[in-house]
Protein chains: 2
Amino acid sequence: MGGVSTADRAERVPKQDRSRATRQRLLEAAVSCLAEHGWAGSTVSVVAERAGVSRGAAQHHFPTREDLFTAAVEYVAEERSTALRALFPQGAAGDRHAVVAALVDLYTGPLFRAALHLWVAASNEDQLRPRVTELESRVGRETHRIAVDLLAADETLPGVRETVQGLLDMARGLGLANLLTDDAARRERVVAQWADVLEEALG
Amino acid sequence: MGGVSTADRAERVPKQDRSRATRQRLLEAAVSCLAEHGWAGSTVSVVAERAGVSRGAAQHHFPTREDLFTAAVEYVAEERSTALRALFPQGAAGDRHAVVAALVDLYTGPLFRAALHLWVAASNEDQLRPRVTELESRVGRETHRIAVDLLAADETLPGVRETVQGLLDMARGLGLANLLTDDAARRERVVAQWADVLEEALG
């Protein structure tokens, strides 16, 4: 039956590992690049150089610029989601303040900055638009699920779903307010107050 | 004393009117252009053509690209603020739902789209950044003042200031969520729910 010899297998596994490591380096470099230079300054070549990968290898993993940057934002968003769940392994355990602060944190770092550049570029570029729309809705749904879980919000009650959605909209708006200036001090006060308001609203 | 003859005056006034009309056409064309084509596609020439004004006349009013687009966003923001106050000449008259909906509307039209392009461009362009930062803070303060007035919010009470700030952050986030898709149906539900929550929080 042909089959794969032990020697072949031993060789293939490290190769897959190397390939996965290259892919990850490219994805992380792509998000940093987008966050720092925006869409106009973000090309496959620039990212390949930043990741220390040949342009050919980069194009092997991501044939187009759109492939690379949408995959990058999705990858980092998944990493952030996993990290957020890991922060609260037993759920919120009643500390909704900490959960609200952690949710808002999702929107104030380089990932949000990168995603923002991608959204804004997609609003003017037909090639990018459907992919980013689809990505945004997938990431948005996952973030909503995490928020509901960690806040122990009972979505069978009227209004609770919209309360959580509005909180995530606020978090996005806080991210935007942090784009040009360090808005951390104001943000902390808003988060503290809204966590109180939310506590009341969620019961 | 020299002085200005009646004939001179008669000639000057229409000239000033014409000049003001040209300026307004340029500002409105600049906002539409930014909203539709983004920063990269927005130059003084493109706007001049759109406004039906010569490039020289446009540069007489706005010597640089930065002058034109920051002035445009500020002008339209002021128009919107005036229109918002005019919507509620007696203040909110107790209808906070209507006020919340009108505040959120500020962030879902072409002005927000234009401002977003300007913010994102400013985050990567040193020439634009200080001017847009200053503009954003001025417009933000004015919007906050209007929100406090129309919501009849008493900022001497603890937390009220931050509640209103958070509402405007939510409005900005809802604007962002509307960038790639028509988010009106979801937004309406979030606004209805948060208007209830706010009613409770503001007392």
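For every chain, the first residue of the written sequence is number 1, and numbering continues from 1 onward in sequence order. Think of it this way: whatever chain is written first is A, whatever ligand is written first is 1, and the rest follow in order. For this predicted model, a pLDDT threshold of at least 70 governs which residues receive local features, and a threshold of 80 or more governs which side-chain atom pairs are given and counted, while totals over whole chains, interfaces and linings are taken from all residues. Excluding hydrogens and water, the side-chain figures rest on all heavy atoms present in the structure.

*Asks:* Describe empty space enclosed by the protein, naming the residues involved and giving the relevant values.
*Replies:* A cavity here means a set of 1 Å grid points, computed over protein atoms only, where a 1.4 Å probe fits but cannot escape. A pocket is an open set with protein on both sides within 12 Å along at least 5 of 7 lines, and lining residues have an atom within 4 Å of a point. Grid points are joined across faces, edges and corners, and a volume is the space filled by probe spheres set on the points. For the structure shown, the criterion picks out two cavities of 30 Å³ or more. The calculated volume of the largest cavity comes to roughly 50 Å³. Think of it as three bins: nonpolar holds Ala, Val, Leu, Ile, Met, Phe, Trp, Tyr, Cys and Pro, charged holds Asp, Glu, Lys and Arg, and polar takes everything else, Gly as well. For the lining of the largest cavity, the per-class residue count stands at three nonpolar, four polar and one charged. Of the voids in this model, the second largest cavity is the one considered here, and its volume is about 40 Å³. Looking at the lining of the second largest cavity residue by residue, the classes come out as three nonpolar, four polar and one charged.

*Asks:* Would you mind going over the relation of the copies chain B and chain A in detail, with residue names and values included?
*Replies:* When chain B is fitted to chain A, the residual RMSD is 0.0 Å, and the transformation amounts to a turn of 180° plus an axial shift of 0.0 Å. Considering both components of the superposition, the chain copies are consistent with a two-fold axis. Mapped onto chain A, 100% of the interface residues of chain B again fall at the interface, so both copies present the same surface. Least squares is used to superpose the copies, and the fit set is the C-alpha atoms of residues whose pLDDT is at least 70 in both copies. Contact between two residues is taken to exist if any of their heavy atoms lie within 4.5 Å; hydrogens are not considered.

*Asks:* Now, about the interface of chain B and chain A: what can you tell me, with residues and values included?
*Replies:* Listed per partner, the contact involves 39 residues of chain B and 40 residues of chain A. Salt bridges are defined by distance alone: a side-chain nitrogen of Lys or Arg within 4 Å of a carboxyl oxygen of Asp or Glu. Along the contact surface separating chain B from chain A lie four salt bridges. Across the salt bridge formed by A:D169 and B:R186, the nearest N and O atoms sit 2.9 Å from each other. Counting of polar contacts relies on pairs of N or O atoms within 3.5 Å, with two restrictions inside protein: one atom must be capable of donating a hydrogen and the other of accepting it, and residues adjacent in sequence are counted only when both atoms are side-chain atoms. The tally of links from chain B across to chain A stands at 16 residue pairs in polar contact (both at pLDDT 80 or more). Of all the secondary structure elements, the ones that give two or more residues to the side of chain B that touches chain A are α1 (6–37), α6 (110–122), α7 (129–150), α8 (160–177) and α9 (184–202) of chain B. Starting at the N terminus, helices and strands are each numbered in turn, a helix being any DSSP run of H or I of at least four residues and a strand any DSSP run of E of at least two.

*Asks:* Account for the packing of aromatic side chains, naming residues and giving values.
*Replies:* All names here are of chain A. Think of it this way: a Phe, Tyr or Trp ring, Trp meaning its six-membered ring, pairs with another when their centres are within 6.5 Å, and the plane angle makes it stacked under 30 degrees, edge-to-face over 60, tilted otherwise. Considering all chains together, one arrives at seven aromatic pairs over all chains under this definition. Aromatic side chains Y107 and F112 sit 5.9 Å apart centroid to centroid with 70° between the ring planes, which places their arrangement in the edge-to-face category. Taking the relative accessible area as the measure of exposure, Y107 reaches 10% and is therefore buried. The cut-offs for exposure are 20% and 50% of the maximum accessible area for each residue type, with area from a 1.4 Å probe on protein chains only; residues under the lower value are buried, those over the upper are exposed, and the others partly exposed. F112 gets classed as buried once you look at its relative accessible area, which sits at 5%. An angle of 80° between the planes, with centres 6.1 Å apart, marks the rings of F112 and W119 as edge-to-face. We count a charge as sitting over a ring when the NZ of a lysine or the CZ of an arginine lies within 6 Å of the ring centre and within 35 degrees of the ring normal. Taking the ring centre of W39 as reference, the NZ or CZ of R65 above it sits at 3.8 Å.

*Asks:* So what's going on with the environment of A:L202? Residues and values would help.
*Replies:* By secondary structure assignment, the location of A:L202 is in helix α9 (residues 184–202). Those residues in contact with A:L202 that lie beyond four places of it in its chain are A:R96, A:L151, A:A153, A:V160 and A:T163.

*Asks:* Before we move on, can you summarise the UniProt feature "DNA-binding region" (unreviewed entry) in chain A with the specific residues and values?
*Replies:* UniProt positions are given in the numbering used here, feature names are shortened, and annotations may be inferred rather than shown by experiment. Mapped onto this structure's residue numbering, the UniProt feature "DNA-binding region" (unreviewed entry) falls at residues 43–62 of chain A. Annotation note: span residues 43–62 of chain A, helix share 75%, strand share 0%, distance between end C-alpha atoms 12 Å.

*Asks:* Could you give an account of the UniProt feature "domain: HTH tetR-type" (unreviewed entry) in chain A, with specific residues and numbers?
*Replies:* Under the present numbering, the feature "domain: HTH tetR-type" (unreviewed entry) in UniProt falls on residues 20–80 of chain A. Span residues 20–80 of chain A is 80% helix and 0% strand, its end C-alpha atoms 19 Å apart.

*Asks:* Residues and numbers for a negative patch on the surface, please.
*Replies:* Only residues whose relative accessible area exceeds 30% and that take part in no salt bridge are eligible for patches, with like-charged residues grouped when within 9 Å of each other and nonpolar side chains (Val, Leu, Ile, Met, Phe, Trp, Tyr) grouped when within 5 Å. Per-residue and other accessible areas were derived by the Shrake-Rupley procedure at a 1.4 Å probe size, with only the shown protein chains allowed to occlude residues. In summary, the charge assignment counts Lys and Arg as positive and Asp and Glu as negative, without counting His or the chain termini. By convention, charge coordinates are those of NZ in Lys, CZ in Arg, CG in Asp, or CD in Glu. On the surface, A:D196, A:E200, B:D196 and B:E200 cluster together into a patch of negative charge. Elements supplying a minimum of two residues to the negative patch: α9 of chain A together with α9 of chain B. Of note, B:E200 is situated in helix α9. Note on B:E200: relative accessible area 63%, which makes it exposed.

*Asks:* For the side chain of A:E136, give the residues involved together with the corresponding values.
*Replies:* Along the polypeptide, A:E136 turns up in helix α7 (residues 129–150). No salt bridge is formed by the buried A:E136, whose closest oppositely charged neighbour, A:R172, lies at an N-O distance of 4.8 Å. The residues contacting A:E136, other than those within four sequence positions of it, are A:W119, B:A177 and B:L180.

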